[in-house]
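Residue-level structural notes
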Amino acid sequence: MIEANPASNYLGAAHGLRSWLLTRDHKRIGVLYLLGVTFFFFIGGAFAVLMRFELATPEADLVASDTYNRLFSMHGIVMTFLFLVPSIPASLGNFLLPLMLGARDLAFPKLNLLSWYVFMVGGLFTVAAAAFGGVDTGWTFYTPYSSTYANSNVMLAAVGVFITGFSSILTGVNFIVTIHKMRAPGLTWFRLPLFVWAHYATSLIMVLGTPVLAITLLLVAVERLLGVGIFDPSLGGDPILFQHLFWFYSHPAVYIMVLPGMGVISEIITCFARKPIFGYKFIAFSSMAIAVLGFLVWGHHMFVSGQSVYAGVAFSMLTMAVSVPSAIKVFNWLATMFRGSIVFDSPMIYALGFIGLFTIGGLTGVFLGTLGLDLHVHDTYFVVAHFHFIMVGATVMAYLAAIHFWWPKIFGRTFPENWAKFAALMVFAGFILAFFPQFVLGYLGMPRRYHIYPDEFQMLNVLSSAGASILGVGYLIPMVYLLGSLRIGKKAAANPWGAKGLEWKTTSPPPVENFETPPTVEGDVYEYKNPHVVRPPEVTLARG
Amino acid sequence: MQTDSGVHVSSYGFSFLIFAVLLVLTGVTVGVAYVDLGWINTPLALLIAGVKAGVVLAYFMHLKWSTNLTVLVAIIGLLWFIILVAFTVADYMSRVPVQGWLG
Amino acid sequence: MHAADAQLDHHFDDIHQQREAAGLGMWLFLAQEVMFFGGLFGAYTIYRLLDYAAFQEASHHLDVTIGAVNTAVLIGSSLTMALAVRAGQLGNNRGVSIFVLLTMLLGAVFLGVKGIEYSDKWHHGLIPGLHFTAETVAGRGVELFFVFYFVMTGMHALHMVIGVGLMLWVLRMAAQKRFTPERHAWVENLGLYWHFVDIVWIFLFPLLYLIGRH
């Protein structure tokens, strides 16, 4: 067993604010990102709390209409760009990728630090936009409202998102180069942990998609400043062009948000089933397929926009195609668990929750991608429920799973398992209560972004708000015991979960240079001994 | 010529040759623009620009002597741009004209 | 080899890995730049298809001779940059300085000419939103063309200014004799960046200046 010497790990190596704010160490930068995304999560969550309070009654009795518009817009912007996109890649990806690759750091450590500062500055602009009253355009900034008519802080918010995007791009470049060029001896592509494959695919999307969002927001800013009709039909422009450019990034962006989570689940399922992952290559290639196909479906957000019907048909068919690789992953995870020896530790509870909720969210995505059906549910709460099942039910649960799984590695402390299990179950229950009623609401016709609704929808809305409260408490509990563990938690061993992967072969927390001696890889990554496969003696003898 | 580290170095003469090729192609671009070839003018201008870009990529940016991975990155960048434009144009080109829409 | 060791960052195993990583990183950055400009070119393409007559009329306000000469200047700066890279590859710091300075000069000429073109547009009342008083036959599409003219060439010019800034940094490094045959990634990557900026202009010139000139 490898003992951790406090002075020789990355946390104890240097002290003081400067040593953190000027660090080049990918592990410290991962922790800095963790702090950042947590901060923004609670800001975005605060907006959601106010929204759900308002929605508990059919009338507009808590906030004015204009305020409600700003609440849901800022909730979307903060949660999407400042939490979901960086959540797993920037915190856990930064921390774990070099460790999983057997490297001493990412390819460009200084660029990594820069990406964190860019992220925080972008976040600052966005929070400033909120402080000055927010925007009311929706996180989607549709024109010509955002470019011509809105009186809210569009420029400030757009600048914030623009800047944050570059953080994404820098992270993506860093990851791709590191994975290509800095793998340990013996670490071939098909021996890589699936977490790495997932982040590789995510990074491709970050690099190729984010710049298009950047230029699109720039054009909105130009339109706003000069009033020249880029997207204003009364001046010769086309608002649908904005939507094409916006969704070209923003659809692949949802895969940026979910692929890392899928990578986490692959790691956790195989560990807690004590069994090698089923269909390694299928899962690896499906990540790549999602990244590529994800760029070909953006028009499914625009079925009712005025886009040509023929384009709609094509985008609908491609949307069917993109669901296949995701389904392949779900089947492989299930097959991994089949005849495994399941351990129901807290990361596994979150992971199992992910599989169920992602399946529902994904299937409802297929409903929405069906052109004819979308005509009825577009812009209703059905859509809201769908993407929250994926973003919250899947991604946030994967994020929490990852936090719990790698917490001992990152901070060298264990947390109380009972509290963690309880919180996981509370999150799961709260989530379903919060968001399943929204499918029904949407199907019955309640539009999204409305805070006033017919009386007959109140029961479902109250259930949803109640669930949101439970969910919120469920999110707060880990804050308590995880932070508490830093003070009073038991010191963690190098490999408390008995997991495979290079990161578990070094101390908890790791030393500054990651490994005492640079590792060499000799076998496949998930060589868990399969507990139920025992060859009958006759078979062995027959083989001679 | 290759340095000890295996890096390809272009000679002065070769660099000037590429420069001359690019200048000539620029002249062709301008010249062809003043000849009426109907609908062919635009694709032809883009083709010549593409050849110039290819020359810059291959010889000034050393793609000709780079790893396959580097070439792949360049191709993917170009391909993704094409995807953006092609799918968007396909929408506009397949719209059924509606009475009263912009002129 | 001591000289090479001193140039190796601690997280890389050898100088080859370091150089390959730098190059791959730069090309990935250029791929995202393609997508950045690509959004602009894509939007331009749509509006040109929707209102070709207006784009044609607007394009005729641009001076082809000036544009062509400027194109030649920029291609010339690509040549001097290629020669700067060559010098860096050979560890010739003085050569790097000379050719980078020439590149900056030619870049400045290009930007100066662009500035003259811009002020000419102002005099003719062709500044969208701020001062668009020119008579048009084909309608508002003419103003829309000039939005793209200014945003695309402006974004291109901004990239050139950034490039010139980076050249100052490289000049400093060359003055400190920091480039060797083993370690010259800054010059190489600056070269890649500058050539990319050249390629953007190679497409901008015919698309903006040469619409329906026959």
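Before reading on, note that the structure itself is shown above.
Predicted, not measured: the structure shown is a model, and the values here were computed from it.

About the cut-offs
Residues numbered from 1 in each chain as written. Chains lettered and ligands numbered in written order. Predicted model: local features only at pLDDT ≥ 70, side-chain atom pairs only at ≥ 80, totals over all residues. Heavy atoms only, no water. Helix = DSSP H or I, 4+ residues; strand = E, 2+ residues; numbered from the N terminus. Rg over C-alpha atoms; globule rule 2.2 N^0.38 Å. Buried < 20%, exposed > 50% of the residue type's maximum accessible area, 1.4 Å probe, protein only. Contact = heavy atoms within 4.5 Å. Areas by Shrake-Rupley, 256 points an atom, 1.4 Å probe, with all protein chains shown as cover. Lys, Arg positive; Asp, Glu negative; His and termini not counted. Charge placed at Lys NZ, Arg CZ, Asp CG, Glu CD. Patch = residues over 30% accessible without salt bridge, like charges linked within 9 Å, V, L, I, M, F, W, Y side chains within 5 Å. Salt bridge = Lys/Arg side-chain N within 4 Å of Asp/Glu carboxyl O. Buried area = accessible area lost by both parts, 1.4 Å probe. Polar contact = N/O pair within 3.5 Å; in protein donor to acceptor, adjacent residues only side chain to side chain. Nonpolar A, V, L, I, M, F, W, Y, C, P; charged D, E, K, R; others polar. Axes fitted to C-alpha atoms, helices over the stretch in contact; angles between N-to-C directions. Parallel < 35°, antiparallel > 145°, perpendicular 65-115°, else oblique. Left-handed = near helix turned anticlockwise from the far one by under 90°. Phe/Tyr/Trp six-rings, centres within 6.5 Å; stacked < 30°, edge-to-face > 60°. Lys NZ or Arg CZ within 6 Å of the ring centre and 35° of its normal. Expected span 1.5 Å × (residues − 1). Arc of directions from axis to C-beta.

Secondary structure summary: chain A contains 16 helices and zero strands in total. The C-alpha radius of gyration of chain A comes to 23 Å, within 12% of the 24 Å expected for a compact globule of 544 residues. For the C-alpha atoms alone, the extent of chain A along its principal axes is close to 75 × 60 × 40 Å. Taking all 544 residues of chain A together, the buried fraction comes to 61%. Sequence separation of at least 24 residues holds for 83% of the intrachain contacts in chain A that already meet a minimum separation of 6. Entry remark: accessible area of chain A is about 19800 Å², with carbon and sulfur atoms responsible for 70%. Here chain A contributes 30 positive and 25 negative side-chain charges, whose respective centroids are spaced 14 Å apart.

Of note, L84 of chain B is situated in helix α3 (residues 68–93). Those residues in contact with L84 of chain B that lie beyond four places of it in its chain are V212, L245, F248 and W298 of chain A together with G38 and G39 of chain C.

Attention shifts here to a positive patch on the surface. Among the surface-exposed residues, R24 and K110 of chain A together with R172 and R178 of chain C lie close enough to one another that they form a single positively charged patch. Within the fold, K110 of chain A resides in helix α4 (residues 109–131).

What follows covers the interface of chain A and chain C. Contacts between the two partners involve 37 residues from chain A and, on the opposite side, 30 residues from chain C. Taken together, the two surfaces of chain A and chain C that pack against each other cover about 2800 Å², and 74% of this comes from carbon and sulfur. Looking only at chain A, the three residues that lose the most surface to chain C are R104, K181 and I215 of chain A, adding up to 20% of its buried area. Linking chain A with chain C are two salt bridges. Measuring nitrogen to oxygen at the nearest pair gives 3.1 Å for the salt bridge that ties D13 of chain C to R104 of chain A. Put simply, chain A and chain C have eight residue pairs in polar contact (both at pLDDT 80 or more) between them. Contributions of two or more residues to the side of chain A that touches chain C are made by α6 (154–181), α7 (194–226) and α8 (239–272) of chain A. Here the side of chain A that touches chain C gets ten residues from one element, more than from any other, and that element is α7 of chain A.

Another point: a negative patch on the surface. Judged by side-chain charge, E59, D61, D455 and E456 of chain A come together as a negatively charged surface patch. The topology assignment puts D455 of chain A in the loop between α14 (417–444) and α15 (458–488).

With that out of the way, let us pick up the interface of chain B and chain C. Facing 49 residues of chain B, the contacting portion of chain C comprises 49 residues. Note on chain B versus chain C: buried area summed over both sides is about 4100 Å², and carbon and sulfur give 81% of it. Summed over the shared surface of chain B and chain C, the result is zero salt bridges. Our count for the contact surface shared by chain B and chain C stands at four residue pairs in polar contact (both at pLDDT 80 or more). Sorting the residues of the side of chain B that touches chain C by element identifies α1 (12–33), α2 (41–60) and α3 of chain B as the ones contributing at least two each. Looking at the side of chain B that touches chain C, the element that brings in the most residues is α3 of chain B, giving 13 residues. Classifying every residue of the side of chain B that touches chain C gives 32 nonpolar, 15 polar and two charged.

Should the charged atoms of two oppositely charged side chains come close, the side chains can pair. All chains considered together, the criterion is met by 13 salt bridges over all chains. Among the ionic pairs, D66 of chain A bridges to R70 of chain A, the shortest N-O distance being 2.9 Å. Here D66 of chain A pairs with R70 of chain A, and both are found in helix α3 (residues 65–101), just four residues apart, close to one helical turn. With a relative accessible area of 36%, D66 of chain A lands in the partly exposed category. Look at the salt bridges and you will find they share partners, linking R104 and E513 of chain A together with D13 of chain C into a network.

Residue and element names in this part refer to chain A. Across the junction of T143 and P144, the peptide omega takes the value -5 degrees, indicating a cis bond. Looking at the secondary structure, you find P144 in the loop between α4 and α5 (145–149). In the segment running from S508 into P509, the intervening peptide bond is cis, with an omega of -5 degrees. Counting through the fold element by element, P509 comes out in the loop between α15 and α16 (537–543). Non-glycine residue F141 carries a positive phi angle of around 50 degrees. Residue class for F141 comes out buried when judged on its relative accessible area of 1%. At D379, a position not held by glycine, the phi torsion is positive, near 65 degrees. Its place among the elements puts D379 in the loop between α12 (371–377) and α13 (381–411).

This next bit is on the packing of helix α2 (residues 26–54) of chain A against α4 of chain A. All names here are of chain A. At their nearest, the axes of α2 and α4 sit 10 Å apart, and the two run at 15 degrees to each other. Taken as axis vectors, α2 and α4 run roughly parallel relative to one another. Here the hand of the crossing between α2 and α4 comes out left-handed. Contacts between α2 and α4 involve H26, I29, L32, Y33, G36, V37, F40, I43 and F47 from the first element and P109, N112, L113, S115, W116, F119, M120, G123, V127 and A130 from the second. The residue inventory of the contact of α2 with α4, partitioned by class, reads 14 nonpolar, five polar and no charged.

Take the packing of aromatic side chains next. Working definition: an aromatic ring pair is given by the centre-to-centre distance plus the angle between the planes. Residues and elements named next belong to chain A. One pass over the structure, following the stated rule, counts 69 aromatic pairs over all chains. Arranged with centres 5.3 Å apart and planes meeting at 70 degrees, the rings of W189 and Y200 form a pair that is edge-to-face. Of this pair, W189 sits in the loop between α6 and α7 while Y200 is found in helix α7, placing the two residues eleven residues apart along the sequence. Judged by its relative accessible area of 10%, Y200 falls in the buried class. Here a set of aromatic residues connected by ring pairs shows up, and it is made of F195, F272, F405, W406, F415, W419, Y481, W497 and W504. We note R28 situated over the ring of W20; from NZ or CZ to the ring centre the distance is 4.3 Å. The positively charged end of K281 is found above the aromatic ring belonging to F190, 4.6 Å away from the centroid.

Residue and element names in this part refer to chain A. Compared with an ideal rise of 1.5 Å per residue, which puts 14 residues at 20 Å, helix α9 (residues 280–293) spans 20 Å between its outermost C-alpha atoms and is within 8% of the ideal. Along α9, the residues that are buried comprise Y280, I283, A284, S286, S287, I290 and A291. The buried residues of α9 occupy an angular sector of 160 degrees when the element is viewed end-on, so they sit on one face. Those residues of α9 hidden inside the fold are in contact with α7, α8 and α10 (309–337).

Right, let's get into the packing of α6 of chain A against helix α2 (residues 15–50) of chain C. As a packed pair, α6 of chain A and α2 of chain C sit with axes 9 Å apart at the nearest point and diverge in direction by 140 degrees. Judged by the angle between their axes, α6 of chain A and α2 of chain C are oblique. In this structure, the crossing between α6 of chain A and α2 of chain C has a hand that is right-handed. Facing α6 of chain A, whose interface residues are F162, F166, I169, V173, I176, V177, H180 and K181 of chain A, α2 of chain C presents Q17, E20, A21, L24, G25, L28, F29, Q32 and F36 of chain C.

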